[in-house]
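One-letter residues, chain by chain:
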Protein chains: 2
Amino acid sequence: MDRPIVYDLNTLNEFCIGMFIKAGMSSEEAEIMSDTLMFAEMRNVKSHGIIRLPTYIERMEKGVVNNKPEMKLINNPFAAVSMLNADNGMGQVAGYKAMKEAMNIAKVYGIGMVAVKNSNHFGVASYYSMMASKDDMIGLVMTNASPAIAPFGTKAPLLGTNPLSVAVPAKYKKPIVLDMSMSTVARGKIRMAALQNKEIPLDWGLDEEGNPTADPYEALKGSLVPIGGVKGSGLSLIVDLLTGVLTDTSLTGEVKNITDMSGPSKTSHVFIAVNISSFIDTDVYKKNVDSVVNNIKSLPPKGNNEIFMAGEIEQRLMDERRSLGIPVEIEVIEELNKLAEKYDGTKL
Amino acid sequence: MDRPIVYDLNTLNEFCIGMFIKAGMSSEEAEIMSDTLMFAEMRNVKSHGIIRLPTYIERMEKGVVNNKPEMKLINNPFAAVSMLNADNGMGQVAGYKAMKEAMNIAKVYGIGMVAVKNSNHFGVASYYSMMASKDDMIGLVMTNASPAIAPFGTKAPLLGTNPLSVAVPAKYKKPIVLDMSMSTVARGKIRMAALQNKEIPLDWGLDEEGNPTADPYEALKGSLVPIGGVKGSGLSLIVDLLTGVLTDTSLTGEVKNITDMSGPSKTSHVFIAVNISSFIDTDVYKKNVDSVVNNIKSLPPKGNNEIFMAGEIEQRLMDERRSLGIPVEIEVIEELNKLAEKYDGTKL
């Protein structure tokens, strides 16, 4: 395999913004979209990075996502909550606006919760939770997703991996950023093992009968293992009940995958911002988070490895790649350049 | 072993209320305490049931818990959040008051969040989340707990099992009630295996070196396995950051176990109520939850087992035991009667 080419952040960002605009998106929305892709690239969450650009643009071309959505907050008399109708627009744009609103509410009321209906795949959940942590708040984000996990006691995938992200600011340490799905691993890891014809650990996937399997092909026909069995299955269901069901967008099992071009994906998200200063002096809090990090890092390590906090590796990479650039695989560049050609854009 | 004796709910309840009062608690607080114990007994969460009564009373006798706490809401200008200082009183009393306040807030603002500082063990988390679901709200509850789980990459237990409960109302179906800790199993299960000299599954406990072990004695010296490894470890930390750290009560690792009589346990909890009607018609929501339950129950089961939703088995038992009574083991009765003798109370 050829070595990846390193691009600086601006070059990649301008490329993505340009492509979204050429495909019909407003520049405001294109900037948000691209920013979330850059976030994923910098944090090395490649599955949600620029590799997704062609898929997002295909969704625009096919009209399964709304290029000119009118996203509106739905009025209600309850001051600390709101609902955003994403009008089948991009999940990233909806997510950005919804978390902003949750934070605005939290500034006044201490906590703000915004649910988003009629949305689409929103990329990396921690993009939104970290909007809050950057502003000295605790951010909580959940989204539903297409079927992948069998509800406990069944053998049919109906529940999504339904990611949850929580971001907490620290004073001098890096923020603590949990960003996790409810399955032990992502389906992509099983797909990779299948491509390489490798066996998978027994806690990754279940076959069609719901039994653990080392065969990645059997697992791909079956379902993903939820963390803690009945616990992960329960957590995933709770996310559904707080997103798709609370916004009356979709019941469990009704969300379409991002690659399914047969119609809107009917995704929903929920964003909660907790204003730390409404409980405790923010500086005291952040210093205490630093102390917790120090305490954990001074524990005896398992093996000789460095002890990392949730989100720390990603944050380090982010700091590094922001200045040193982002490596992109040749195959990805070729695909992006094909897209550029199609839209008469400047190639990478 | 002798067969357990079945007591009716009132008899047990009156017994517990009486004991708490004799030990120095106000009748209002004694009623809440006993109600949470009855809740645990009815749902067959024996580890949090009347078997705990002697421990709670010992804590009162030794003065490590405050018998006459002045629990006060701390004023702040943020209308949707509040902080309750439990004044080192019983966690159950604090939890009851805090969830009530969260619900009152949610009725007006759509969501309410109440954090509790300087508290103690609060029993079963779902007692509080279900206060919300009974009132057509979604209840979320978290509490920190004494060290049991090693932070990812370390081999020293510092994190608590840090339970999370979420309760969601349904229309004709039973409410969906998730009530889970962040470890694959409770330490009690490993203790039981040790007593019976049985091996334990490798995903239950880690030895002092942080390696999986089948030996329950090694696991008891080591730590509990977090669900999903790094994910459960991260979830547990987040609960700490939303409870002990947010209320400035205790940092990660500083909460004392309920059986540790050396001082206040410095426990914290957080209670969130989400007012469904601030997002969607409550009846529509609850009917949709019913549909989700029906959809899951009509999936192909793994094996020939009935498919249960989170909290369903417990709710069935609760309905049953409310009318048919609660079985109590002879050994437990004997212990409770010893306590009754000590306090000149009527025996069971």
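Everything numeric in this text was worked out from a predicted model, so none of it was measured.

Thresholds applied
Residues numbered from 1 in each chain as written. Chains lettered and ligands numbered in written order. Predicted model: local features only at pLDDT ≥ 70, side-chain atom pairs only at ≥ 80, totals over all residues. Heavy atoms only, no water. Helix = DSSP H or I, 4+ residues; strand = E, 2+ residues; numbered from the N terminus. Buried < 20%, exposed > 50% of the residue type's maximum accessible area, 1.4 Å probe, protein only. Contact = heavy atoms within 4.5 Å. Areas by Shrake-Rupley, 256 points an atom, 1.4 Å probe, with all protein chains shown as cover. Lys, Arg positive; Asp, Glu negative; His and termini not counted. Charge placed at Lys NZ, Arg CZ, Asp CG, Glu CD. Least-squares fit on C-alpha atoms with pLDDT ≥ 70 in both. Salt bridge = Lys/Arg side-chain N within 4 Å of Asp/Glu carboxyl O. Polar contact = N/O pair within 3.5 Å; in protein donor to acceptor, adjacent residues only side chain to side chain. Nonpolar A, V, L, I, M, F, W, Y, C, P; charged D, E, K, R; others polar. Pairing = 2+ DSSP bridges. Arc of directions from axis to C-beta. Domains from an automatic or database assignment. Buried area = accessible area lost by both parts, 1.4 Å probe. Phe/Tyr/Trp six-rings, centres within 6.5 Å; stacked < 30°, edge-to-face > 60°. Expected span 1.5 Å × (residues − 1).

A.B. asks: Please clarify how the overall build of chain A should be interpreted in this entry.
C.D. replies: Along its length, chain A carries eleven helices and twelve strands. Taking the principal axes of its C-alpha atoms as reference, chain A extends roughly 50 × 45 × 45 Å. Of all 348 residues assigned to chain A, the portion counted as buried reaches 59%. In chain A, once contacts between residues fewer than 6 apart in sequence are set aside, the share between residues at least 24 apart is 66%. For chain A, the computed accessible surface area is about 13,600 Å², with 50% contributed by carbon and sulfur atoms. Chain A carries 36 positive and 41 negative side-chain charges, and their two centres are separated by 2 Å.

A.B. asks: Sorry if this is basic, but what is going on with the relation of the copies chain B and chain A here?
C.D. replies: Turning chain B through 180° and shifting it by 0.0 Å along the axis lays it on chain A, with an RMSD of 0.0 Å. Given the turn and translation reported, the copies of this chain are related as if by a two-fold rotation axis. When the interface residues of chain B are mapped onto chain A, 100% of them are again interface residues, pointing to one common binding face.

A.B. asks: How do you make sense of the pattern of salt bridges when you look at a structure like this?
C.D. replies: It is possible for side chains bearing opposite charge to pair when their charged atoms get close. For the coordinates displayed, the defined rule picks out 32 salt bridges over all chains. For A:Asp283, the salt bridge goes to A:Lys287, with nearest N and O atoms at 3.3 Å. Residue A:Asp283 and its partner A:Lys287 are both found in helix H9 (residues 282–297); the two are separated by four residues, about one turn of the helix. On the accessibility criterion, A:Lys287 (42% relative accessible area) is partly exposed. For B:Lys342, the salt bridge identified is with B:Glu61, shortest N-O distance 2.9 Å.

A.B. asks: Can you help me understand the interface of chain B and chain A in this one?
C.D. replies: For an interface, size is often stated in terms of accessible area lost upon the parts coming together. Listed by partner, the interface residues are 72 residues for chain B and 72 residues for chain A. Between chain B and chain A we count zero salt bridges in total. For the pair chain B and chain A, the interface holds 16 residue pairs in polar contact (both at pLDDT 80 or more). Elements that contribute at least two residues to the side of chain B that touches chain A include exactly strand E3 (81–85), helix H4 (91–109), strand E4 (111–119), strand E6 (164–168), strand E7 (176–180), helix H8 (230–242), strand E11 (267–275) and helix H9 (282–297) of chain B. Per-element tally for the side of chain B that touches chain A: the top contributor is H9(B), with eight residues. Considered class by class, the residues forming the side of chain B that touches chain A number 47 nonpolar, 19 polar and six charged.

A.B. asks: Could you clarify how one ought to interpret the pairing of E6(B) in this entry?
C.D. replies: Where a strand is regular, its side chains alternate between the two sheet faces. Residues and elements named next belong to chain B. With respect to burial, E6 is a largely interior element, five of its five residues being buried. Side chains Leu164, Val166 and Val168 project from E6 onto one buried face, and the interleaved Ser165 and Ala167 project onto a second face that is buried too. Looking at chain direction, strand E5 (residues 137–143) and E6 are connected through four bridges and run antiparallel. The residue of E6 that forms the bridge with Leu140 is Val166.

A.B. asks: What should I look at first to understand helix H6 (residues 187–195) of chain B in this one?
C.D. replies: For an α-helix, the turn length of 3.6 residues means that residues three or four places apart are oriented alike. Residue and element names in this part refer to chain B. For H6, every residue scored as buried is listed here: Ile190, Ala193 and Ala194. Buried residues in H6, looked at end-on, bunch into an arc of 100°, giving them a common side. Where H6 ends, the next residue or the one after it, Asn197, has phi of about 55°, a positive value.

A.B. asks: So what exactly am I meant to see when it comes to unusual backbone geometry here?
C.D. replies: Excluding glycine, a negative phi dihedral is what most residues carry, and trans is how most peptide bonds are arranged. All names here are of chain B. Of note, Asn197 is a non-glycine position whose phi angle comes to about 55°, a positive value. Relative to the helices and strands, Asn197 resides in the loop between H6 and strand E8 (205–206). Given the relative accessible area of 64%, Asn197 is considered exposed. We note that Asp248 has phi near 55°; this positive angle belongs to a residue other than glycine. Assignment of secondary structure puts Asp248 in the loop between H8 and E11.

A.B. asks: What exactly am I supposed to notice about the domain arrangement of chain A here?
C.D. replies: Residue and element names in this part refer to chain A. In terms of domain boundaries, chain A breaks down into domain 1 (1–61 + 311–348) and domain 2 (71–183 + 226–298). Computed over C-alpha atoms only, the centres of domain 1 and domain 2 are separated by 23 Å. Domain 1 puts 22 residues into the contact, and the matching count from domain 2 is 25 residues. Approximately 2,100 Å² of surface area, both sides summed, lies buried where domain 1 meets domain 2, with 66% of it carried by carbon and sulfur atoms. Glu28 is the salt-bridge partner of Lys97, the closest N and O atoms lying 3.5 Å from each other.

A.B. asks: I tried to follow the sheet that holds strand E9 (residues 212–213) of chain A on my own but got confused; where do I start?
C.D. replies: All names here are of chain A. With antiparallel pairing, three strands are arranged side by side in an open sheet as E9-E8-E10. Of all the strands in the sheet, just E9 and strand E10 (223–224) have a single pairing partner and so form its edges. Looking at chain direction, strand E8 (residues 205–206) and E9 are connected through two bridges and run antiparallel. Bridge assignment links Leu206 to a residue of E9, and that residue is Pro212.

A.B. asks: Sorry if this is basic, but what is going on with the environment of A:Gly123 here?
C.D. replies: Residues and elements named next belong to chain A. Summarising the element assignment, Gly123 is placed in the loop between strand E4 (111–119) and helix H5 (126–134). Judged by relative accessible area, Gly123 falls into the buried class, the value being 12%. Spatially, the C-alpha atoms of Gly123 and Arg316 are 20 Å apart, while their sequence positions differ by 193 residues. The contacts of Gly123, once residues within four sequence positions are left out, are His48, Tyr56 and Gln92.

A.B. asks: Can you help me understand the environment of B:Lys97 in this one?
C.D. replies: Residues and elements named next belong to chain B. Examined against the element boundaries, Lys97 turns out to sit in helix H4. Classification of Lys97 by relative accessible area gives partly exposed; the value is 29%. Residues Lys97 and Ala86, eleven residues apart in the sequence, show an inter-C-alpha distance of 9.6 Å.

A.B. asks: Teacher, can you tell me more about the packing of aromatic side chains here?
C.D. replies: Two measures describe an aromatic ring pair: the distance that separates the ring centres and the angle between the ring planes. All names here are of chain B. Throughout the structure, instances matching the rule amount to eleven aromatic pairs over all chains. Judged by centre distance (6.1 Å) and plane angle (50°), the ring pair of Phe122 and Phe271 falls under tilted. With Phe122 in the loop between E4 and helix H5 (125–134) and Phe271 in strand E11, this residue pair connects regions lying 149 residues apart in the sequence. Considered together, Phe122 and Phe271 belong to a single accessibility category, that of buried residues. Ring geometry for Tyr127 against Tyr128: centres 5.2 Å apart, planes inclined by 80°, an arrangement best described as edge-to-face. For the pair Tyr127 and Tyr128, a shared accessibility class is recorded, and that class is buried.

A.B. asks: Please explain helix H2 (residues 27–42) of chain B as it appears in this structure.
C.D. replies: Residues and elements named next belong to chain B. The first and last C-alpha atoms of H2 sit 22 Å apart over 16 residues, in line with the 22 Å expected at 1.5 Å per residue. Looking only at H2, the buried set comprises Glu29, Ala30, Ile32, Met33, Ser34, Thr36, Leu37, Met38, Phe39, Ala40, Glu41 and Met42. The inward-facing, buried residues of H2 abut helix H1 (9–22), helix H3 (53–62), H4, H5, helix H10 (312–324) and strand E12 (326–328).

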